[in-house]
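Listed here are the chains, written in short residue letters.
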Amino acid sequence: MKIGITCGDTNGIGLEIFYKSIPVLARRGFFAEHSLVLICNPATLNEYFSKMGLEATISGNSIDIGGVNIELRACAQESPVEFGQATKSSGVLAAAALDESVAMLGSGEIAAVTTLPIAKHVMALASWGFMGHTEFFAASQGPSSKPLMILFAGSLRVALATIHTPICEVPRELSPINLLKRLEIFSASLRPDFAIENPRIAVLGLNPHAGEEGKIGQEELDVIKPVISTSNSRGANAEGPFSADAFFARKQYEHYDGVLAMYHDQGLIPLKMLGGSGGVNFTAGLRCVRTSPDHGTAFPIAGRGTAEPDSLVDAVLAAEGIVRSREKMGA
């Protein structure tokens, strides 16, 4: 199986963790059956490795890192390496790598893609037109695609009912139709993508204390509870809404296969605290398999050599695992 790696923002830590992930993946036996292709500009890649003092041999369309051969798919757009800086050229290169990954997925050249981090404000400088990776890959799959962001670390899987949505707009996005779609996509993904036959899903409330039966907001009564009931009548196995603070503090998540959070930080703060340096972002609800580490470009530490590759290693292994799981489940 071949998995594509997009270069992300080359002023961040992405290429550093890519380099550091290779010996880790090698020790785990990944390259005995699988291969990677890095999508990047060769000159930018060479400058990055040189500035970081990383030993690698780039020759034609291949990279040798510690005796492991990685295919290099060249992007024409070059971007000078300026660690920690927001530059238009790095956004243009990141966008070009993403476009190439979609073409490779479409042709079947790669079975999945793992994306290195980008910075939204940098992509805006490049006039990219998407809020993030999730929205980009959803658009690449056509208007009928229904993306869902799932982040996981170990057995904890958190899906987001709203993704990159300002807090003031979250209640408007949590319509019964939208929330029902998210819950059903989550349930449908846990079966083939994670090989869970009858997944149990916990649904968090929106308001403090899950609304206190309408005393602190009506969303739980008017939207969330009816959606849970409807989804269960259609074959899901969901419970809630739960008060988010008590749910994580009392480790109730250990009794569920997935947790549906109402907004970004509600789900990701506890996941990142519990997941440590690992953790994977997976875009569910699409025909293609796309994963990424669950952190960003980390501009403040870019170029220092202190970034850890754990999350990227997990993301690559997860991409391979999800493809295999889908094949076994006939999805």
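Each remark here, short or long, concerns the structure printed above.
All values derive from a computational prediction rather than experimental measurement. (Residues numbered from 1 in each chain as written. Predicted model: local features only at pLDDT ≥ 70, side-chain atom pairs only at ≥ 80, totals over all residues. Heavy atoms only, no water.)

A. Local environment of helix α3 (residues 88-107). Relative to the 28 Å expected for 20 residues at 1.5 Å per residue, α3 spans 29 Å between its end C-alpha atoms, a close match to the ideal helical length. Taken as a whole, α3 has its buried residues at Ser90, Gly91, Leu93, Ala94, Ala95, Ala96, Ala97, Leu98, Ser101, Met104 and Leu105. The first or second residue beyond α3 is Gly108, which carries a positive phi of 80°. (Helix = DSSP H or I, 4+ residues; strand = E, 2+ residues; numbered from the N terminus. Expected span 1.5 Å × (residues − 1). Buried < 20%, exposed > 50% of the residue type's maximum accessible area, 1.4 Å probe, protein only.)

B. Region of the structure containing the pairing of strand β11 (residues 258-261). Burial along β11 is two-sided: Gly258 and Leu260 and Val259 and Ala261, pointing in opposite directions, are all buried. In the sheet, strand β8 (residues 156-160) pairs with β11 via 3 bridges, with the strands oriented parallel. Looking at the pairing, Val158 lines up with Val259 of β11. (Pairing = 2+ DSSP bridges.)

C. Focus on the packing of helix α1 (residues 14-27) against helix α2 (residues 42-52). In the contact formed by α1 and α2, the axes pass within 10 Å of each other and the chain directions differ by 80°. Considering their axes alone, α1 and α2 lie roughly perpendicular with respect to each other. Mapping the contact onto sequence places Gly14, Leu15, Glu16 and Tyr19 in α1 and Leu45, Tyr48, Phe49 and Met52 in α2. Along the lines of polarity and charge, the residues of the contact of α1 with α2 split into 6 nonpolar, 1 polar and 1 charged. (Axes fitted to C-alpha atoms, helices over the stretch in contact; angles between N-to-C directions. Parallel < 35°, antiparallel > 145°, perpendicular 65-115°, else oblique. Contact = heavy atoms within 4.5 Å. Nonpolar A, V, L, I, M, F, W, Y, C, P; charged D, E, K, R; others polar.)

D. Quick peek at the side chain of Thr115. Examined against the element boundaries, Thr115 turns out to sit in strand β6 (residues 112-115). In this structure the side chain of Thr115 is engaged in a polar contact, spanning 3.0 Å, whose partner is the side chain of Arg290. Those residues within four positions of Thr115 in sequence are excluded, and the remaining contacts are Thr6, Leu98, His133, Phe137, Arg290, Thr291, Ser292 and Pro293. (Polar contact = N/O pair within 3.5 Å; in protein donor to acceptor, adjacent residues only side chain to side chain.)

E. The packing of aromatic side chains, seen in detail. Tallied over the entire structure, the rule returns 14 aromatic pairs. Each ring, one from Tyr19 and one from Phe49, has its centre 5.5 Å from the other, and the planes form 65°; the classification is edge-to-face. Taken together, the residues Tyr19 in helix α1 and Phe49 in helix α2 connect sequence positions 30 residues apart. Overall, Phe49 belongs to the buried group, its relative accessible area being 3%. The ring of Tyr256 has Arg200 lying over it, and the distance from NZ or CZ to the ring centre is 4.5 Å. (Phe/Tyr/Trp six-rings, centres within 6.5 Å; stacked < 30°, edge-to-face > 60°. Lys NZ or Arg CZ within 6 Å of the ring centre and 35° of its normal.)

F. The arrangement of the layout of surface pockets in detail. Of the pockets and cavities examined, the largest pocket occupies roughly 430 Å³. The wall of the largest pocket is formed by 24 residues, among which Lys120, His164, Asn281, His295 and Gly296 lie closest to the centre. Those elements that provide at least two residues to the lining of the largest pocket are α5 (133-140), β7 (148-153), α10 (264-275) and β13 (290-293). Its residues placed into classes, the lining of the largest pocket shows 9 nonpolar, 11 polar and 4 charged. (1 Å grid on protein atoms, 1.4 Å probe; cavity = no way out; pocket = protein on both sides within 12 Å on 5 of 7 lines; lining within 4 Å. Points joined across faces, edges and corners; volume = space filled by probe spheres on them.)

G. The pattern of salt bridges, seen in detail. One pass over the full model with this rule turns up 12 salt bridges. Of the charged contacts in the structure, one is a salt bridge between Glu71 and Arg73, with a shortest N-O distance of 3.7 Å. Across the salt bridge formed by Glu320 and Arg324, the nearest N and O atoms sit 3.4 Å from each other. Here Arg324 and Glu320 lie together in helix α11 (residues 310-329), a separation of 4 residues that amounts to about one turn. Under the relative-accessibility criterion, Glu320 is labelled buried at 16%. Residues joined by salt bridges that share partners form a network here, namely Lys2, Glu71, Arg73, Glu100 and Glu109. (Salt bridge = Lys/Arg side-chain N within 4 Å of Asp/Glu carboxyl O.)

H. Broad picture of unusual backbone geometry. Residues Gly240 and Pro241 are joined by a peptide bond in cis, for which omega reads 0°. Position of Pro241 among the secondary structure elements: in strand β10 (residues 238-242). With phi around 60°, His209 is a residue other than glycine that occupies positive phi space. When its relative accessible area of 46% is taken as the criterion, His209 is described as partly exposed. One non-glycine residue, Glu212, lies in the positive phi region at around 50°. With respect to the element layout, Glu212 can be found in the loop between β9 (201-204) and α8 (219-233). With relative accessibility at 36%, the residue Glu212 sits in the partly exposed group.

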